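# Working through the structure, step by step
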Amino acid sequence: LFMYLPPTAVNTTLRLFQLRASMKPNISAYIIPATDAHLSEYIAPRDARLAWMTGFTGSAGTAVVTQDKAVLWTDSRYWVQAERQMDCNWALERDGNITNWLIREVNEGDQVGIDPFLFSVDTFAAYNTKLAPAKRILTSITDNLVDKIWAERPPLPPDNLTRLPDDFIGRTWQNKVDQIRGQMMDNPYNPTALLLSALDETAWLFNLRGNDIPFNPFFYSYTLLTFDKIWLFVHTERVTEELRTYLNSSCSDSYCVQLLQYDSVRSHLMKYLEEAGVRVWVGTEYTNQALYELITPEKLLESTYSPVLTTKAVKDQTERKILKAAHIRDAVAVMQLLHHLERSVPEGRETELTAAEFVNECRSKQQYSRGPSFETISASGPNAALAHYSPSSETSRKLSVDEMYLVDSGGQYLDGTTDITRTVHWGKPTDRQKEAFTRVLMGNIEISRTIFPAGTRGVNIEMLGRRALWEVGLNYGHGTGHGVGNYFGVHEWPVGFQSNNIPFQEGMFTSIGRADHLLGCEAFLKLRVLLWLDSYYQDIRNIVGPELKSQGLTEIHDWMMKNTEPFLKDGSSAVHTRLMTVELLKLNILQWIILR
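Residues numbered from 1 in each chain as written. Predicted model: local features only at pLDDT ≥ 70, side-chain atom pairs only at ≥ 80, totals over all residues. Heavy atoms only, no water.

### Some words on the sheet that holds strand β17 (residues 404-409)
Counted only if it meets this: Note: two strands are recorded as paired if DSSP finds a minimum of 2 bridges between them. A run of H or I in DSSP counts as a helix once it spans at least four residues, and a run of E counts as a strand once it spans at least two, with each numbered from the N terminus. With axes taken as lines fitted to C-alpha atoms, and helix axes fitted only over the stretch in contact, angles between N-to-C directions fall between 0 and 180 degrees. Contacts between residues were defined by any pair of non-hydrogen atoms, one from each residue, lying within 4.5 Å.
Strand order in this open sheet of three strands is β16-β17-β20, and the pairing throughout is antiparallel. Edge strands, defined here as strands with exactly one partner in the open sheet, are β16 (377-380) and β20 (420-425). Between one strand axis and the next, the sheet turns through 10° on average, direction left out of account. As paired elements, β17 and β20 share six bridges and run antiparallel to each other. Bridging from a neighbouring strand, Ser409 pairs with Ile420 of β20. Its contacts with the sheet put helix α13 (residues 317-344) on β17 and β20, and the angle it makes with β20 is roughly 15°. Sitting on the sheet, helix α14 (residues 352-364) touches β16, β17 and β20, and the angle it makes with β16 is about 145°.

Spelled out as structure tokens, the structure:
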């Protein structure tokens, strides 16, 4: 039987046949999430099980396969993409309630299989709370069924682990171990061990980096830390002799890191839990169900985040200094892009793809560059409305002076990670575009100007970023900001403005999500906003200007100076009448609120 397959779709017939065969005879439905064993935001190609099974490559989604149905759930951002990428074996469900669907499709007493390594504690509980009363049995299968049939699953990257250079380290790993053990000792519930599951936890603790996850310098790992032992679970063949010496791995006392194979974490944790009087502290946000289900209640201490995540969120003096330096250099790359586009777009020789390649190339020439921090989003016209759109040779549009253009990009450097968005228009934006953009700007300025005490929760000031939009019935459908790492993840939890973020403290860094380039909008700006902008412009001149000169970029420096002239001259409240289409640079040295 011939089945028409659009060029954008993947034929999954054989894959589904093999998966269903592996489910027999006991598993009636199998759930496939879009994450890895560390509940990472970005995953390695070898963990892209959802994409391999369905053909759908969006970053958010869950699939369920039964013996006669295959269904994908994803949010509205990805509906069009899913319909284009999936073949007719799959159905797209727009109702987000997966458990209700399972209760309808699976008989009482039947088993619903999951890989517990791919389920967070909370996600497992949410499923089980609904399925258990309906007598549908959520069953852990630690040998992933997709992996069993994925013959060409990408291998583990061969790259060895690396350590951060001393110039970029404010605390040795021994200092950090002492700090975390101190928090364990101070905890009134007397934990004897701390289990670390998030990839950035172990990387931060030991000042190590890897190359297992695209755009993120992480490596597959777990850590079990006690008062007198340190067990690091990694692919030990990738730990060089130099690193083994650095980690004191040849001994077994309290400051010796004992290296164990990555896949042995579950069996080793079971063995530790057999000891009397032990209690394991876990952060439930990033601990998978496969490890959590081993710990009986009397041996469990849980918090939303581990003490490593909350400690990492507060940068030390070295981290603060070098992160700022990374942003200054990154600002140079973004200036080069904006200067280039101002010339090339009117000439009709620029596309979404060439613009993305240009800014990536500019970053690659900066000191300590280690590549992009995520896949560059370079979108014009209707593509700017798509979720996480990145251009390809097939989809790239030519940039035009008649359309808005958005570039959301960032860089990884040995001393810091950046994330910066710019929205520009080289022609005449509509009144609607001007107002919407200006109100986003006003919200960002409102948050930036706000003075608040340490301990304030981001969620309590987040509305300041939305108020100007709410006044005219507008809003934005994403978070207001997120933490950022020192050569780590571009979205670093748990800092930010959401309800599950921790309170702000001195030394935390957060972005403010924004459309960062001002479009001719004099009619909407108030005097206090203009005063803020003039002060901001002066900061750009004082901080980024010297870096441009030191790199010999005289033309870019002159262009920056021209485009950061003050709005208010000689103390006057008069507003310049020039159209501010390429006026507000807002470069990423001030992309971050630095909490002092």
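### A short note on helix α18 (residues 554-562)
Because an α-helix packs 3.6 residues into every turn, residues spaced three or four apart end up facing the same way. Note the following rule: Any residue under 20% of the maximum accessible area for its type is buried, any over 50% is exposed, and the rest in between are partly exposed; the area is computed with a 1.4 Å probe on protein chains only. Directions are taken from the helix axis to each C-beta atom, and the arc is the one they span.
Among the residues making up α18, those that are buried are Ile556, His557, Trp559 and Met560. Buried positions in α18, seen along its axis, are confined to an arc of 165° and lie on one side of it. Facing away from the buried side of α18 by over 90 degrees, the exposed positions are Thr554 and Lys562.

### Some remarks on unusual backbone geometry
Residue Pro25 is bonded to the preceding Lys24 through a cis peptide linkage, with omega at 0°. Residue position: Pro25 is located in the loop between α1 (13-23) and β1 (27-33). Along the chain, Trp493 connects to Pro494 via a cis peptide bond; the corresponding omega equals 10°. Even without a glycine there, the phi angle at Leu39 is positive, about 55°.

### Topic: the nonpolar core
Burial of nonpolar side chains together is a common tendency in soluble globular proteins. For clarity, the threshold we go by: Buried Ala, Val, Leu, Ile, Met, Phe, Trp, Tyr and Cys residues form a nonpolar core when they are joined through side-chain atoms within 4.5 Å.
Among the nonpolar cores identified, the biggest contains 55 residues, and Phe206, Leu247 and Val280 are the most heavily contacted of them. In this view, Leu247 contacts Trp173, Phe206, Leu208, Leu232, Tyr255, Cys256, Val257 and Leu259; residues no more than four positions away in its chain are not counted. With 33 residues, the next largest nonpolar core counts Leu399, Trp532, Tyr536 and Leu548 among its residues.

### Observations concerning the environment of Val490
Among the secondary structure elements, Val490 is positioned in the loop between β21 (482-483) and β22 (492-496). Between the C-alpha atoms of Val490 and Gly55, which are 435 residues apart in sequence, the distance is 26 Å. With residues up to four places along the chain from it excluded, the contact list for Val490 reads Tyr42, Asn216, Ser373, Phe374, Thr417, Thr418, Asp419, His482, Gly483 and Val484.

### So, the state of the cysteines
Here is the rule: By convention in this document, the label disulfide applies to cysteine sulfur atom pairs within 2.5 Å.
Scanning the entire structure with this criterion turns up one disulfide. Here Cys251 engages in a disulfide with Cys256; their sulfurs sit 1.7 Å apart. Handedness here is read from the sign of the S-S torsion; for Cys251 and Cys256, about -90°, the answer is left-handed. Overall, Cys251 belongs to the partly exposed group, its relative accessible area being 31%.

### Some remarks on empty space enclosed by the protein
For clarity, the cut-off: Buried and open spaces are told apart on a 1 Å grid over the protein atoms alone, a cavity being a set of points where a 1.4 Å probe fits but cannot get out and a pocket being an open set with protein on both sides within 12 Å along at least five of seven lines. Residues with an atom within 4 Å of a point are the lining residues. Grid points are joined across faces, edges and corners, and a volume is the space filled by probe spheres set on the points. Under the convention adopted here, Pro, Cys and the residues Ala, Val, Leu, Ile, Met, Phe, Trp and Tyr are nonpolar, Asp, Glu, Lys and Arg are charged, and Gly plus all remaining residues are polar.
Under the defined criterion, the tally for this structure stands at four cavities of 30 Å³ or more. Size it by volume and the largest cavity reaches roughly 110 Å³. What lines the largest cavity is a set of 17 residues, and nearest its centre among them are Leu164, Phe168, Asn207, Arg209 and Glu319. Grouping the amino acids of the lining of the largest cavity by side-chain chemistry returns eight nonpolar, three polar and six charged.

### Concerning the sheet that holds strand β15 (residues 369-372)
Pairing within the open sheet is antiparallel, and its three strands lie in the order β15-β18-β19. The sheet is open, and its two edges are formed by β15 and β19 (416-417), each paired on a single side. Note that strand β18 (residues 411-413) and β19 share two bridges and pair antiparallel. Looking across to β19, one finds that Gln412 is bridged to Thr417.

### Looking at the pairing of strand β13 (residues 280-283)
Both faces of β13 are covered, namely the face carrying Val280 and Val282 and the face carrying Trp281 and Gly283. Pairing geometry for β13 and strand β14 (residues 300-303), over four bridges, is parallel. Across the sheet, the residue bridging to Trp281 is Leu301, located in β14.

### With respect to the pattern of salt bridges
Pairing is possible between side chains of opposite charge, provided their charged atoms come close. We apply this condition: By definition here, a salt bridge exists when the distance from a side-chain nitrogen of Lys or Arg to a carboxyl oxygen of Asp or Glu is within 4 Å.
Overall, the coordinates contain 27 salt bridges when judged by the stated rule. Here Asp166 and Arg163 are joined by a salt bridge, their closest N and O atoms 2.4 Å apart. By relative accessible area, which is 53% here, Asp166 ends up exposed. The partner of Arg266 in a salt bridge is Glu293, and the shortest N-O contact between them spans 2.9 Å. In this pair, Arg266 sits in helix α10 (residues 265-273) while Glu293 sits in the loop between α11 (289-292) and β14, placing the two residues 27 residues apart along the sequence. Among the residues examined, Glu293 registers a relative accessible area of 31% and is labelled partly exposed. Residues participating in the shared-partner salt-bridge network are Asp47, Arg49, Asp147 and Arg153.

### Observations concerning the UniProt feature "domain: Creatinase N-terminal" (unreviewed entry) in the protein
Under the convention used in this document: UniProt positions are given in the numbering used here, feature names are shortened, and annotations may be inferred rather than shown by experiment.
UniProt tags residues 36-133 as "domain: Creatinase N-terminal" (unreviewed entry). As annotated, residues 36-133 comprises 33% helix and 16% strand, and the C-alpha atoms at either end are separated by 28 Å.

### Topic: the pairing of β16
On any regular strand, side chains alternate: one points to one face of the sheet, the next to the other face. A two-sided burial pattern is seen for β16, the buried positions comprising Ile377 and Ala379 on one face and Ser378 and Ser380 on the other. Relative to β17, β16 runs antiparallel, the two being bridged by four bridges. Considered in β17, the bridge of Ser378 is made with Val407.

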